[in-house]
Amino acid sequence: MSSQARGLNNFITDLRNAKSKEEESSRIEVELAKIRKKFNPGGGTKLAPDGSNPSLSSYQRKKYIWKLVYIHVLGYEVDFGH
């Protein structure tokens, strides 16, 4: 895996090393909260015309989407429409 995808690789490693389903679920909930926070600008930041957060780089957007896809593949419910 590319060195640029280190955050994604670390996330997958954390999930694979989870000792129980509850630990995995907890890690996923924490990550989903982080992703929601990143995509929803706060503090009066305006969204770009396409509805995206202008403070996120294209790499960050891709990384978070890949994390959402991986969580979905694991069988967890993920809302992509928010």
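From a predicted model like this one, the values you see are computed outputs, not experimental measurements.

A. Layout of the packing of aromatic side chains. Evaluation of the coordinates by the stated rule reveals 1 aromatic pair. The interplanar angle of 70 degrees and the centroid separation of 6.1 Å between the aromatic rings of Phe 39 and Tyr 64 together place this pair among those described as edge-to-face. Of this pair, Phe 39 sits in helix 2 (residues 21–39) while Tyr 64 sits in helix 3 (residues 58–73); the two residues are 25 residues apart in sequence, bridging distant segments of the chain. In this structure Phe 39 comes out as partly exposed when scored by relative accessible area, which is 25%. Residue Tyr 64 is classed as buried on the basis of its relative accessible area of 7%.

B. Molecular detail of the side chain of Glu 31. In this fold, Glu 31 is placed in helix 2. Glu 31 gets classed as buried once you look at its relative accessible area, which sits at 3%. In this structure the side chain of Glu 31 is engaged in a polar contact, spanning 2.8 Å, whose partner is the side chain of Arg 27. Leaving out residues up to four positions away in the same chain, Glu 31 has contacts with Phe 11 and Lys 67.

C. Up close: helix 2. Relative to the 27 Å expected for 19 residues at 1.5 Å per residue, helix 2 spans 27 Å between its end C-alpha atoms, a close match to the ideal helical length. Among the residues of helix 2, those classed as buried are Glu 24, Ile 28, Glu 31, Leu 32 and Ile 35. Down the axis of helix 2, the buried side of the element spans an arc of 105 degrees, and every buried residue falls inside it. Along helix 2, exposed side chains directed more than 90 degrees from the buried face belong to Glu 22 and Lys 37. The elements touched by buried residues of helix 2 are helix 1 (6–16) and helix 3.

D. Local environment of the environment of Arg 27. Mapped onto the elements of the fold, Arg 27 is located in helix 2. Distance from Arg 27 to Leu 15, taken between C-alpha atoms, is 7.2 Å for residues 12 residues apart in sequence. Setting aside anything within four residues of it in sequence, one finds Arg 27 in contact with Phe 11, Asp 14 and Leu 15. At 3.3 Å, the side chain of Arg 27 and the side chain of Asp 14 are in polar contact.

E. Molecular detail of the nonpolar core. In this structure, Phe 11, Leu 15, Ile 28, Leu 32, Leu 68, Tyr 70 and Ile 71 are the most contacted members of the largest nonpolar core, which totals 15 residues. Looking at this core, the elements that each hand over two or more residues are helix 1, helix 2 and helix 3. Residues within four places of Ile 28 in sequence aside, it is in contact with Phe 11, Leu 15, Ile 71, Leu 74 and Tyr 76.

Conventions adopted
Residues numbered from 1 in each chain as written. Predicted model: local features only at pLDDT ≥ 70, side-chain atom pairs only at ≥ 80, totals over all residues. Heavy atoms only, no water. Phe/Tyr/Trp six-rings, centres within 6.5 Å; stacked < 30°, edge-to-face > 60°. Helix = DSSP H or I, 4+ residues; strand = E, 2+ residues; numbered from the N terminus. Buried < 20%, exposed > 50% of the residue type's maximum accessible area, 1.4 Å probe, protein only. Polar contact = N/O pair within 3.5 Å; in protein donor to acceptor, adjacent residues only side chain to side chain. Contact = heavy atoms within 4.5 Å. Expected span 1.5 Å × (residues − 1). Arc of directions from axis to C-beta. Core = buried A, V, L, I, M, F, W, Y, C linked by side-chain atoms within 4.5 Å.

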